[in-house]
Amino acid sequence: MRRRLIAGNWKMNAPADVPGLVDAVAKASGEHPDLDALICPPALLIPSLAKSGVNIGAQDCHTALSGAHTGDLSAEMLAQAGASHVIVGHSERRAAYGESNLTVRDKATAAHKAGLTAIICVGETAAERAEGRASQIVTEQIRTALTTEATADNTIIAYEPVWAIGSGNAATTAEIAEMHAVIRAEIGASLGDATSKAMRILYGGSMNAANAADILALEDVDGGLVGGASLKIQDFLSIIAA
Ligand code: PGA
């Protein structure tokens, strides 16, 4: 059985009441021992929030362990600060910083070396979907990012169609079911059946209190990577409850 994971990606934001939200998530985690909750705040908040008892993740890491990389943070530093997970390959970073599939692979490898669980984000743009290339794009992203070091324990995939992120228009359950099946098949092709059955695949892209239950009921959906709705206590708690 794959454990559900609901992860909040705060991006470069902080909710109005940070301690209130973190306390509420800690309480909800206690009430739902069958699932994992994770908060990925701006990196500056990791050390203080790691003391809350809630699982804390970073939003990015460098490919290198240390060195002349002004402004960057290594996976090892994030682990020392208290993070257990790190998001790599978020489409906002792929777009804004030109992160390639190979860069994303190297970031996942750096995360694994530091003992972090890598949440590898994949997803097609609206144009790629319109051209009928959604499956091909996502398959390539996964095939490149998954190394032989990747296991169901140290790696989670997040399917986040770029056009659904922050748009208020989540993918339909049919679209999500189809893409998650493609992803699970590619994990199997890369790492074998047992890993494919055990590895968690999250959906992200305008998941909210209203659509979470339907999306999370899909067979190959093992949780959510939630942006906007993770900044509002009630919305995030509703998704955890769903
Ligand atoms: P959203 O963001 O929920 O605001 O669409 C999801 C994400 O980018 O991880």
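Refer to the structure printed above.
Described in the following lines is the structure provided in the data block. By convention here, each chain's residues receive numbers from 1 onward along its written sequence. Reporting in this predicted model follows two pLDDT cut-offs: at least 70 for local features of residues, and 80 or more for side-chain atom pairs to be given and counted; totals over whole chains, interfaces and linings ignore these cut-offs and use all residues. Note that the side-chain values use all heavy atoms of the structure and ignore hydrogens as well as water.

1. Observations concerning the overall build of the protein chain
Line of reasoning, step 1. Scanning the protein chain from terminus to terminus reveals 11 helices and 8 strands.
Line of reasoning, step 2. Considering only C-alpha atoms, the protein chain reaches an extent of 45 × 45 × 35 Å along its principal axes.
Line of reasoning, step 3. Think of it in three bands: residues with accessible area under 20% of the maximum for their type are buried, residues over 50% are exposed, and the middle band is partly exposed, with areas taken using a 1.4 Å probe on protein chains only. The buried share among the 242 residues of the protein chain stands at 49%.
Line of reasoning, step 4. Sequence separation of at least 24 residues holds for 71% of the intrachain contacts in the protein chain that already meet a minimum separation of 6.
Line of reasoning, step 5. By element, 53% of the accessible surface of the protein chain is carried by carbon and sulfur atoms, the whole surface being about 10,600 Å².
Line of reasoning, step 6. In the protein chain, which carries 18 positive and 27 negative side-chain charges, the distance between the mean positions of the two groups comes to 2 Å. To qualify as a helix, a DSSP run of H or I must reach at least 4 residues; to qualify as a strand, a run of E must reach at least 2; elements of each kind are numbered from the N terminus. In this analysis, two residues are considered to be in contact whenever any of their non-hydrogen atoms come within 4.5 Å of each other. The Shrake-Rupley method, run with a 1.4 Å probe sphere, supplies the accessible areas, and residue values consider only the shown protein chains as cover. In summary, the charge assignment counts Lys and Arg as positive and Asp and Glu as negative, without counting His or the chain termini. Positions of charges follow a simple convention, taking NZ of Lys, CZ of Arg, CG of Asp or CD of Glu.

2. Side note on helix H7 (residues 134–145)
Line of reasoning, step 1. Every helix has an expected span of 1.5 Å times one less than the residues it contains. Between its first and last C-alpha, H7 extends 17 Å over 12 residues, near the 16 Å set by a 1.5 Å rise per residue.
Line of reasoning, step 2. Where H7 is concerned, the buried positions are Ala134, Ile137, Val138, Thr139, Gln141, Ile142 and Ala145.

3. Looking at the sheet that holds strand S4 (residues 85–88)
Line of reasoning, step 1. What the 8 strands build is a closed barrel, ordered S1-S2-S3-S4-S5-S6-S7-S8; its pairing is parallel. Averaged over neighbouring strand pairs, the angle between their axes works out to 25° when direction is ignored.
Line of reasoning, step 2. A pair of strands is considered paired only if DSSP assigns at least 2 bridges between the two. Summarising the sheet, strand S1 (residues 4–9) and strand S8 (residues 223–226) pair through 4 bridges and their orientation is parallel. Note on S8: the bridge partner recorded for Ala7 is Leu225. In this analysis, axes come from line fits to C-alpha atoms, helices being fitted only over the stretch in contact, and the angle between any two N-to-C directions falls in the range 0 to 180 degrees.

4. Points about the environment of Leu65
Line of reasoning, step 1. In this fold, Leu65 is placed in the loop between strand S3 (55–58) and helix H3 (75–81).
Line of reasoning, step 2. The class of Leu65 is partly exposed, set by a relative accessible area of 40%.
Line of reasoning, step 3. Separated by 49 residues in the primary sequence, Leu65 and Ala114 place their C-alpha atoms 8.5 Å from one another.
Line of reasoning, step 4. Beyond its immediate stretch of four places on either side in the chain, Leu65 contacts Ser74 and Glu76.

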